[in-house]
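These are the residues of each chain, in order.
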Amino acid sequence: QTHTYFREEVHNLKLDYTRPFAEVWKLEGGFQYSNNDVSNDFEVKDELAGVWVVNPGLTNVFEFTQGVLGIYGMMAYESDPWGVQLGLRTENTRVNTVLVNTLEKNDQDYTDLFPSLNTSYKFSNSFSVQAGYSRRIYRPRLWDLNPFFNIRNSYNYRQGNPDLRAEYSDSYELSAIFIKGIASFNMSLYQLFTTNTIESVTTFKDNISVRAPENLGTKRVNGIEINTKINAGQKIVINGDFNFNGFDRKAIWQERSFDFKGNSWFSEITSKFKLPKNLDTEFSWNYQSRFKTIDGETLPSQYFNIGVRKKLLKGKGIISFNIRDIFASRVRENRTIR
């Protein structure tokens, strides 16, 4: 038996300033402070001779606080055919975690800079190009850090890693946008280079698999994304998205190399139809291909959704009905290779 009592408080304070001048220039700046305060009381009981007894090795209270202070500035220029935007953000992050029953603590305090540059050029009303660069951060979430076991069954446990560090990514993108009549077409080439990459790794002990996140080396992803949209009058809208990427992983963990290369692709089609009597219908299909992971592979998955919506009271009210994964095909299967 497991029991969890979870409490979370989130506080945000934000102030932004914008000043346009000379008609084509704009200056922006501001700061934001966010604070998360979480407590997760997790208890596991084992049945011994017909009596449920607390397992002290798997029972504890995990407390997590995170404060992030960000300050940013941005300058933008935009004329009729051309625009450019340059920004810089600095953030200080403080993280404190503690296991109350065993008094295990882990504190982090770090400051980072995040530059960004975006530009666009409009050749005509039908064709334009965009290019951009930005540096990003992914901070470990509560469940990434919480070392308590999430016991799915007697053979599969999941736990967090309180020593986990944030991962950083440099993102580069070049896009072309073409609009003609009822259709629009967008193609993007991109590269994402990530350091301190967070990956989930499975280890085995006494025939029990334990999955936990680790910081494992670098990941370089090169890809192409194609998006199309068709507005066939005011009653039919069709969106299609296709994303293909190849990745190169380099990592060493427990004196073992995890270097490998692979690729994956994702596709989504969404269609909306307006019917008489204020009825709207929507269909969507999603497909994710098979791809390699740090210690195995993830098998393909797909699903199909359908929804109906009707406006009531002259548009003042809406009633909707949705079925997600109508064919019960959304199965996520991972294989771990020891």
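Values in this document were obtained by computation on a predicted structure and should not be read as measured data. (Residues numbered from 1 in each chain as written. Predicted model: local features only at pLDDT ≥ 70, side-chain atom pairs only at ≥ 80, totals over all residues. Heavy atoms only, no water.)

1. Topic: the overall build of the chain
- Within the chain, the regular secondary structure consists of one helix and 24 strands.
- Projected onto its principal axes, the C-alpha coordinates of the chain cover approximately 75 × 50 × 50 Å.
- Going through the 338 residues of the chain one by one, you find that 33% of them count as buried.
- At a minimum sequence separation of 6, the contacts of the chain that also span at least 24 residues come to 55%.
- Charge centroids of the chain, computed over 42 positive and 38 negative side chains, lie 9 Å from each other. (Helix = DSSP H or I, 4+ residues; strand = E, 2+ residues; numbered from the N terminus. Buried < 20%, exposed > 50% of the residue type's maximum accessible area, 1.4 Å probe, protein only. Contact = heavy atoms within 4.5 Å. Lys, Arg positive; Asp, Glu negative; His and termini not counted. Charge placed at Lys NZ, Arg CZ, Asp CG, Glu CD.)

2. Things to note about empty space enclosed by the protein
- Enumeration according to the criterion identifies one cavity of 30 Å³ or more in this entry.
- Counted as a void, the largest cavity has a volume near 40 Å³.
- In this structure, the largest cavity is lined by Gln66, Val95, Gln108, Tyr110, Pro140, Leu145 and Leu164. (1 Å grid on protein atoms, 1.4 Å probe; cavity = no way out; pocket = protein on both sides within 12 Å on 5 of 7 lines; lining within 4 Å. Points joined across faces, edges and corners; volume = space filled by probe spheres on them.)

3. Considering the layout of surface pockets
- Here the largest pocket is characterised by a volume of approximately 1,500 Å³.
- In terms of lining residues, the largest pocket is bounded by 46 residues, among which Glu199, Phe291, Thr293, Thr298 and Arg332 are the most central.
- With five residues, the top contributor of residues to the lining of the largest pocket is strand E12 (residues 198-205).
- Within the lining of the largest pocket, the residues separate by chemical class into 14 nonpolar, 15 polar and 17 charged.
- In this structure, the second largest pocket occupies an estimated 530 Å³ of space.
- If you trace the second largest pocket, you find 32 residues lining it, with Gly83, Gln85, Asn118, Thr119 and Ser120 closest to the centre.
- Every element with two or more residues in the lining of the second largest pocket is listed here: strand E2 (25-48), strand E4 (60-78), strand E5 (82-99), strand E6 (104-122), strand E7 (127-138) and strand E10 (167-180).
- The dominant element in the lining of the second largest pocket, judged by the number of residues it contributes, is E7, at eight residues. (Nonpolar A, V, L, I, M, F, W, Y, C, P; charged D, E, K, R; others polar.)

4. Concerning the side chain of Asp112
- As for its position among the elements, Asp112 is in strand E6.
- In this structure Asp112 is buried but unpaired, with Arg135 as the nearest side chain of opposite charge at 4.6 Å.
- Side-chain polar atoms of Asp112 contact the side chain of Tyr168, separated by 2.9 Å.
- With sequence-adjacent residues up to four places away left out, Asp112 is seen in contact with Arg89, Thr90, Glu91, Arg135, Ile137 and Tyr168. (Salt bridge = Lys/Arg side-chain N within 4 Å of Asp/Glu carboxyl O. Polar contact = N/O pair within 3.5 Å; in protein donor to acceptor, adjacent residues only side chain to side chain.)

5. Quick look at the side chain of Ser209
- Tracing the backbone shows Ser209 in strand E13 (residues 208-215).
- Excluding residues that lie within four positions of it along the chain, Ser209 makes contacts with Tyr155, Asn156, Tyr157, Thr202, Thr203 and Phe204.

6. What about the sheet that holds strand E20 (residues 291-293)?
- Strand order in the open sheet formed by three strands is E20-E21-E24, with antiparallel pairing between adjacent strands. Each of the sheet's edge strands pairs with one partner strand only, and the pair in question is E20 and strand E24 (334-336). Strand-to-strand twist of the sheet, defined as the mean angle between neighbouring strand axes without regard to direction, takes the value 25°.
- Where E20 lies against strand E21 (residues 296-298), three bridges are found, and the strand directions are antiparallel. Looking at E21, one finds that Lys292 is bridged to Glu297. (Pairing = 2+ DSSP bridges. Axes fitted to C-alpha atoms, helices over the stretch in contact; angles between N-to-C directions.)

7. Re the environment of Asn322
- Within the element layout of this structure, Asn322 appears in strand E23 (residues 317-323).
- Looking at Asn322, the relative accessible area reads 54%, which means it is exposed.
- In this structure, the C-alpha to C-alpha distance between Asn322 and Arg309, residues 13 residues apart in sequence, is 8.5 Å.

8. Examining the nonpolar core
- Counting 13 residues, the largest nonpolar core has Phe62, Phe64, Leu142, Leu145 and Phe148 as its most contacted members.
- Broken down by secondary-structure element, the contributors of at least two residues to this core are E2, E4, E5 and helix H1 (142-145).
- Here the element with the most residues in this core is E2; it accounts for three residues.
- Aside from chain neighbours lying at most four places away, what touches Leu142 is Phe6, Val38, Phe62 and Phe64.
- By size, the runner-up hydrophobic cluster in this structure holds nine residues, among which are Leu216, Ala251, Trp253 and Phe260. (Core = buried A, V, L, I, M, F, W, Y, C linked by side-chain atoms within 4.5 Å.)

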